[in-house]
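Summary of structural features
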2 protein chains.
Amino acid sequence: MPAAAVELSDDETLEFGELMRSPGFLLRLAQVQSFDLFFDRLAKHGLKPGEFTVLWVIGLNPGLRQGVAARKLRIKPAHMTKLVQRMVTGGYVERTVPDTDRRSVRLQLTQKGEAFVAKHRAAFLEFHEAERLDLSEDEFDTLMRLLAKLTGIEGRET
Amino acid sequence: MPAAAVELSDDETLEFGELMRSPGFLLRLAQVQSFDLFFDRLAKHGLKPGEFTVLWVIGLNPGLRQGVAARKLRIKPAHMTKLVQRMVTGGYVERTVPDTDRRSVRLQLTQKGEAFVAKHRAAFLEFHEAERLDLSEDEFDTLMRLLAKLTGIEGRET
DNA sequence: AGAAATTAGTTTACAGGGAAATGTTTTCCG
DNA sequence: CGGAAAACATTTCCCTGTAAACTAATTTCT
C-alpha cells in the first residue's frame, strides 16, 4: 500500500461539504432529534407528537373542519381519517356533519378530550424548553421566527 | 341560532397557540415542505433525498464505515443496510470488509457512483437556493447556523 | 333543471422505515 | 488461554403513513 493511506475517515468525524448549506438535510436531522427527545420525555405520558398536536389544535379551534386541519398540519387526508377515527374511538373527539355542507366533517373535543389536553399541557410546554438544548433565548426566538417564515405559517395573534 | 355563533373556524385561519413555540412542530412542518419541494424539483432526475445524501457523503468520505454513516445521518442501521444494498445492486457503491476488523463494512463509490453524483451535483446545489423561499441571505445563514447548533453537527471546515 | 366538474372524506393496497432478535467477529478480563 | 460481553451488521416482523381509486355531496355551466 502507498505511503499515505487515502484520507480515510476511520474516526467519527465526517465531511459533509455543501450538505451543511442544505435546509432539507439540516431540517431532517433536527426533526429526527426532536422526535427522539419527544419519545424520551413524553412517551410515558402516552403522548405521540402527531396525535397530541391534533387534539391541541382541535381544542383551540372547536368546530374545525377535518380537511382544514389536515392541510394546515400537513397531514395527508388518508392519515387524518385514521387519526381521527382512533381519537373518536378513544372518546377524545366528536365528529359532526353540518347540515349546511354534508360533505364536510367538523371536529371538537369531548370532555374527556379536554381533560386529556389539560392534564398534559404542562409536560408539553415544558418539553419545548428542553428542545432548546443549548440555544440561548435569543437564538431560540430567532429560530422559531425563521421556521415560521420559512413554512409560511401564521397563527392568529401570538 | 343565537346571535354570535361560537368563534367557529370555518375559514382557513387556525389558532395554533403555544405550538408556535414548539421546535418539534415547526421543524416537522418545515421538513415536510422541504421534502415536497425536493420531489417537485428533483424527482425527475431520479433523486431521492436519503439516497442522494448517502451517495454524497460516501463520495466525500471514501472508506466510510457503514455504521458511522448511519449514526451521523440519523438513519437506523436496519434501514441503512437496505439503502446500501440497493446502491450496491445499482452499481453505485462498493462494500469492503477490511481484514483489520471483519465486523465492519467500508463504503466507497464506484465510477458509476462518482459519475452519478457529479452529474446531479449542480441540480442539488441549486435546489438549496430554491429552498430559501423568501428568506434573505442573512436569515438563511442564521437558520443554517442555528440548525447546525441545535443538532450538534459539525462538518470538517466548510 | 340536469349534466359535468369540483370538493370532501374514506377505503384499500402497498412501501418505507423502526424495534427486536440473530449471527458474526472482536475485545475484555479473570 | 478461554469464556463473557460488546460491537457491527443483517434479517424478520410490524406499524405508520402514502398514493390511488372510490363514494358522496355540492357547485357550476348551459
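Here, the structure is the one placed above.
The text that follows walks through the structure, step by step, so that each part is easy to find. (Residues numbered from 1 in each chain as written. Chains lettered and ligands numbered in written order. Predicted model: local features only at pLDDT ≥ 70, side-chain atom pairs only at ≥ 80, totals over all residues. Heavy atoms only, no water.)

**Overview of the sheet that holds strand S1 (residues 64-65) of chain A**
All names here are of chain A. Taken in spatial order, the 3 strands line up as S1-S3-S2 in an open sheet, and their pairing is antiparallel. A single partner strand is all that each edge strand has here, and the edge strands are S1 and strand S2 (93-96). Here S1 runs beside strand S3 (residues 106-109); their pairing, made up of 2 bridges, is antiparallel. Residue pairing for S3: Arg-65 is matched across the bridge by Arg-106. Helix H2 (residues 49-60) contacts S1, S2 and S3 of the sheet and is inclined by roughly 95° relative to S3. (Pairing = 2+ DSSP bridges. Helix = DSSP H or I, 4+ residues; strand = E, 2+ residues; numbered from the N terminus. Contact = heavy atoms within 4.5 Å. Axes fitted to C-alpha atoms, helices over the stretch in contact; angles between N-to-C directions.)

**A few points about the relation of the copies chain A and chain B**
Each of the two chain copies can be brought onto the other by rotation about an axis and movement along it. Once turned by 180° and shifted 0.0 Å along the axis, chain A lies on chain B with an RMSD of 0.1 Å. Both copies are brought into coincidence by an operation consistent with a two-fold rotation axis. Mapped onto chain B, 99% of the interface residues of chain A are again interface residues, and the two copies thus contact each other with one and the same surface. (Least-squares fit on C-alpha atoms with pLDDT ≥ 70 in both.)

**What to know about the protein's contact with DNA strand C**
Taken together, 20 residues are adjacent to DNA strand C, and Gln-66, Thr-81, Arg-95 and Val-105 of chain A together with His-79 of chain B come closest. Counting only the atoms of DNA strand C within 4 Å of the protein, the fraction contributed by sugar and phosphate is 76%. In the environment of DNA strand C, a phosphate oxygen lies 3.0 Å from a nitrogen or oxygen atom belonging to the side chain of Arg-65 of chain A. A distance of 2.5 Å separates a phosphate oxygen of DNA strand C from a polar side-chain atom of Arg-95 of chain A. Secondary structure elements with two or more residues in the surface near DNA strand C: helix H3 (66-73) and helix H4 (77-89) of chain A together with helix H4 (77-89) of chain B. If one sorts the elements of the surface near DNA strand C by residue count, H4 of chain A sits on top with 5 residues. Class assignment for the residues of the surface near DNA strand C results in 4 nonpolar, 6 polar and 10 charged. (Near = heavy atom within 4 Å. Polar contact = N/O pair within 3.5 Å; in protein donor to acceptor, adjacent residues only side chain to side chain. Nonpolar A, V, L, I, M, F, W, Y, C, P; charged D, E, K, R; others polar.)

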